[in-house]
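Given next are the chains, with one letter for each unit.
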Amino acid sequence: MEITELTAAALGKKIKAGELTAEDAVRASYEKIRRLEPVLHSFITIDEENALSQAKAVQHKIESKELTGPLAGVPVAVKDNLCTEGMRTTCGSNMLKQFEPCYSATAVERLKEAGMIVLGKTNMDEFAMGSTTETSYFGATHNPWNLAHVPGGSSGGSCAAVASGECFCALGSDTGGSIRQPSAFCGVTGLKPTYGTVSRYGLIAYASSLDQIGPVAKDVTDCAMLLEVIAAYDSKDSTSIPREHYDFIRALQEDAAHLRVGIPVNYFYKGLDPEIKKAVLEAGELLGKKGAFVEEFQLGLTDYAISSYYVIASAEASSNLARFDGVKYGYRAKEGETLSEMYRKTRAQGFGSEVKRRIMLGSFVLSSGYYDAYYLKALQARALIKQEFDRVFASYDVILSPAAPTVAPKLGESLKDPMQMYLSDIYTVSANLAGLPGISLPWKQNAKGLPIGVQLLGDCFQEKKILQAAYVLEQSRNRSKD
Ligand code: GLN
């Protein structure tokens, strides 16, 4: 077996046992990166020398038993909206094309403390706005399963890099589905934690009340391990929540006997690909066979999720992105006689059209004449959506649903109709509005060989339940392949 085919957990074990070194792992990853990047374009920035020097230092610490964690020596990729000291952090934008942060995000610091090696920064939709990784200033990422298709977005670079073996695992961010949807499109496992679980310090904000960093991995075990590395209370993030337990790996038990699973069938809209619907129902049946209590139910208020999400996300984005004015960070337009002209030209040239669309929409819904009609209404709908989930989670431990209504679309198809693209986020945005954890795992392939993922949502702080259900599904899926 090639080194790059190992899971992060298996690689970590081999490094610990002295069968491989951290340097071997980095070299193997870079060999793959050099071979695949010309066609995939998962990365915006790579730095082999830096990765090798990190590997040397880590290897030394592993040998001296200073580093003993299960992922020490494992190469990881990081989405390019997470600040990395000394390594450029572009957010997929012309605005930050040359931006080199003077500090690293807490999540990145925690990777390093665990002895993980940052290989580089992955491609993404500009400022994480999009569902295809096509709005990146640096060009689109391609889906490793079929290069004519998108990898999903906005963490498409991270998911394509994990799916292709360019890295062993990666960090992504999820504001409205950006970890779960590209994970489904690329056949990898991605988890969005409960809001407040992973520090957002050093994550360049899109919509602060929805953003959450999470793991993208080859399987459920790696996903739980990486979550255990990055999840922690952080006083630098005022929305960080101290949790009682962070032992996510313990949830990995093949036991569904006490799980109550709800399938929201009214949520299976007309636009849902029948093959995906079938896959979700099959996954439900399997959980039932494994002893879970499985039942169909009606989830209320789903009609309001997309509109509330796009109003709130755009409102917050318009405010967060006000800081990019040519003075404080990154790009500044050369022409411009007056200060306001410089602002205007900088923003006109620095941002791409999807970002401008969101800023305009956000400014509009926050403007005095429309605040009550749109922004406030969206906040009210959000509160009701949260209440609806509270009601549902009194009866179920996990909700089983699709991660996306379709498999990965072809490159160039989605951006033609942004409204249609927004609607395709229907299965993911509610979790962000309510702060819930969600995991997307590969279930099968469609007739054309593209991956189909299923999603499991849990109540706040119940990551272990969704990890356990995901683990049960994964183990049976793997056995059925043998
Ligand atoms: N597709 C959604 C959007 O464009 C979600 C993005 C995300 O989660 N970062 O807003």
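Figured I'd write up the structure that's included with this text. Everything numeric in this text was worked out from a predicted model, so none of it was measured.

**Here's the deal with the overall build of the chain**
Scanning the chain from N- to C-terminus turns up 15 helices and eleven strands. For 482 residues, the compact-globule formula gives about 23 Å, and the C-alpha radius of gyration of the chain, at 21 Å, lands near that figure. For the chain, the C-alpha atoms occupy an extent of roughly 65 × 55 × 45 Å along the three principal directions. Relative to its 482 residues, the chain shows a buried fraction of 61%. Looking at the chain alone, contacts between residues at least 24 apart form 75% of all its contacts between residues at least 6 apart. A total of about 18600 Å² of accessible surface is found on the chain, and carbon and sulfur atoms cover 52% of it. Of the charged side chains in the chain, 52 are positive and 56 negative, and the gap between their average positions amounts to 1 Å.

**A look at helix H2 (residues 22-40)**
At arginine 34, H2 is bent by approximately 35°, the largest bend along its length, and proline proline 38 sits one to four residues beyond. By the burial criterion, the buried members of H2 are Ala22, Ala25, Val26, Ala28, Ser29, Tyr30, Lys32, Ile33, Leu36, Glu37 and Leu40. Looking one or two residues beyond H2, the residue adopting positive phi is histidine 41, at roughly 60°.

**A closer look at the sheet that holds strand E6 (residues 212-217)**
Pairing between the strands of a sheet comes from backbone hydrogen bonds, and it takes one of two forms, parallel or antiparallel. Here eleven strands make up an open sheet; going across it, the order is E1-E3-E2-E4-E6-E5-E10-E11-E9-E7-E8 and the pairing mixed. Unpaired on one side and paired on the other, strand E1 (43-46) and strand E8 (293-297) mark the two borders of the sheet. Neighbour-to-neighbour, the strand axes of the sheet open up by a mean angle of 30°, direction not taken into account. Where strand E9 (residues 398-402) lies against strand E11 (residues 451-458), five bridges are found, and the strand directions are antiparallel. The residue bridging valine 398 from the neighbouring strand is glycine 458, located in E11. Across the sheet, helix H7 (residues 220-230) touches strand E4 (169-174), strand E5 (189-192), E6 and strand E10 (438-445), and the angle it forms with E6 is around 145°.

**Some thoughts on the packing of helix H9 (residues 305-320) against helix H11 (residues 353-366)**
Pairs of packed helices are described in terms of their axes, by the angle between the two and the distance that separates them. Two numbers describe how H9 lies on H11: the axes approach to 7 Å, and their chain directions differ by 100°. As judged from the angle between their axes, H9 and H11 are roughly perpendicular. Where H9 approaches H11, its residues Tyr310, Val311, Ser314, Ala315 and Ser318 are matched on the opposing element by Arg358, Ile359, Leu361, Gly362, Ser363, Val365 and Leu366. Considering only residue class, the contact of H9 with H11 consists of seven nonpolar, four polar and one charged.

**Focus on the packing of H2 against helix H3 (residues 48-63)**
Relative to each other, H2 and H3 sit at 160°, their axes nearing to 8 Å. By the angle class used here, H2 and H3 are roughly antiparallel. Of the two elements, H2 crosses H3, and the hand of that crossing is right-handed. The residues of H3 that touch H2, namely those facing Ala22, Glu23, Val26, Arg27, Tyr30 and Arg34, are Glu48, Ala51, Leu52, Ala55, Lys56, Val58 and Gln59. Looking at the contact of H2 with H3 residue by residue, the class counts come to seven nonpolar, one polar and five charged.

**Observations concerning the nonpolar core**
Leu111, Met116, Phe127, Phe389, Leu456, Leu467 and Leu473 are the most contacted members of the largest nonpolar core, which has 143 residues in total. Sorting elements by how many residues they give to this core places H9 first, with nine residues. In contact with methionine 116, other than residues within four places in its own chain, are Gln54, Leu71, Val74, Val76, Leu111, Cys169 and Leu226.

**Describing the pairing of strand E7 (residues 260-264)**
Burial within E7 is extensive, with four of its five residues counted as buried. Both E7 and E8 contribute to a ladder of five bridges, which runs parallel. Paired with arginine 260 across the two strands is phenylalanine 293, which belongs to E8. Each parallel crossover has a hand, and the one from E7 via helix H8 (residues 274-289) to E8 is right-handed. Sheet topology places E7 next to E9; two bridges connect them, and they run parallel. Paired with valine 261 across the two strands is valine 398, which belongs to E9.

**A word on empty space enclosed by the protein**
Counting across every chain of the model gives three cavities of 30 Å³ or more. Considering only enclosed or pocket space, the largest cavity measures out at about 90 Å³ in volume. Together, 15 residues line the largest cavity, and Gly130, Ser131, Ser178, Tyr309 and Asp425 are the ones closest to its centre. By residue class, the composition of the lining of the largest cavity is four nonpolar, nine polar and two charged. Considering only enclosed or pocket space, the second largest cavity measures out at about 50 Å³ in volume. Forming the boundary of the second largest cavity are Leu299, Gly300, Leu301, Thr302, Ala305, Ile385, Glu388, Phe389 and Ser430. Considering each element in turn, the lining of the second largest cavity owes the most residues, three residues, to helix H12 (residues 371-393).

**Regarding the packing of aromatic side chains**
For the coordinates displayed, the defined rule picks out 17 aromatic pairs. Plain terms: the ring middles of tyrosine 103 and tyrosine 201 are 5.2 Å apart, the flat faces sit at 40° to each other, and that makes the pair tilted. Highlighted residues: tyrosine 103 in the loop between strand E2 (75-79) and helix H4 (106-113) and tyrosine 201 in the loop between E5 and E6, separated in sequence by 98 residues. Classification of tyrosine 201 as partly exposed rests on a relative accessible area of 27%.

**Remarks on the site of the ligand**
Near the ligand there are 15 residues, and of these Thr175, Gly176, Ser178, Tyr206 and Tyr309 occur at the shortest range. One of the backbone nitrogen or oxygen atoms of glycine 130 is found 2.9 Å away from an oxygen atom of the ligand. Contact distances for the ligand include 2.9 Å between a nitrogen atom and a side-chain N or O atom of serine 131. The protein chains hide 100% of the 290 Å² of surface that the ligand would expose on its own. Its atoms largely coinciding with the cavity grid, the ligand occupies the largest cavity. For the shell around the ligand, a count of residues per class yields five nonpolar, seven polar and three charged.

**A few points about the environment of threonine 90**
Along the chain, threonine 90 falls in the loop between E2 and H4. Taking the C-alpha atoms as reference points, threonine 90 and aspartate 80, separated by ten residues in sequence, lie 6.0 Å from one another. Each residue touching threonine 90, except ones within four places of it in the same chain, is listed here: Ile44, Asp80, Leu96, Lys97 and Phe138. Side-chain polar atoms of threonine 90 contact the side chain of aspartate 80, separated by 2.5 Å.

Calculation rules
- Residues numbered from 1 in each chain as written.
- Predicted model: local features only at pLDDT ≥ 70, side-chain atom pairs only at ≥ 80, totals over all residues.
- Heavy atoms only, no water.
- Helix = DSSP H or I, 4+ residues; strand = E, 2+ residues; numbered from the N terminus.
- Rg over C-alpha atoms; globule rule 2.2 N^0.38 Å.
- Buried < 20%, exposed > 50% of the residue type's maximum accessible area, 1.4 Å probe, protein only.
- Contact = heavy atoms within 4.5 Å.
- Areas by Shrake-Rupley, 256 points an atom, 1.4 Å probe, with all protein chains shown as cover.
- Lys, Arg positive; Asp, Glu negative; His and termini not counted.
- Charge placed at Lys NZ, Arg CZ, Asp CG, Glu CD.
- Bend = angle between axes of the 7 residues up to and from the residue.
- Pairing = 2+ DSSP bridges.
- Axes fitted to C-alpha atoms, helices over the stretch in contact; angles between N-to-C directions.
- Parallel < 35°, antiparallel > 145°, perpendicular 65-115°, else oblique.
- Nonpolar A, V, L, I, M, F, W, Y, C, P; charged D, E, K, R; others polar.
- Left-handed = near helix turned anticlockwise from the far one by under 90°.
- Core = buried A, V, L, I, M, F, W, Y, C linked by side-chain atoms within 4.5 Å.
- Right-handed = clockwise from strand over helix to strand, strands pointing away.
- 1 Å grid on protein atoms, 1.4 Å probe; cavity = no way out; pocket = protein on both sides within 12 Å on 5 of 7 lines; lining within 4 Å.
- Points joined across faces, edges and corners; volume = space filled by probe spheres on them.
- Phe/Tyr/Trp six-rings, centres within 6.5 Å; stacked < 30°, edge-to-face > 60°.
- Near = heavy atom within 4 Å.
- Polar contact = N/O pair within 3.5 Å; in protein donor to acceptor, adjacent residues only side chain to side chain.
- Sits in = over half its atoms within 2 Å of the grid points.

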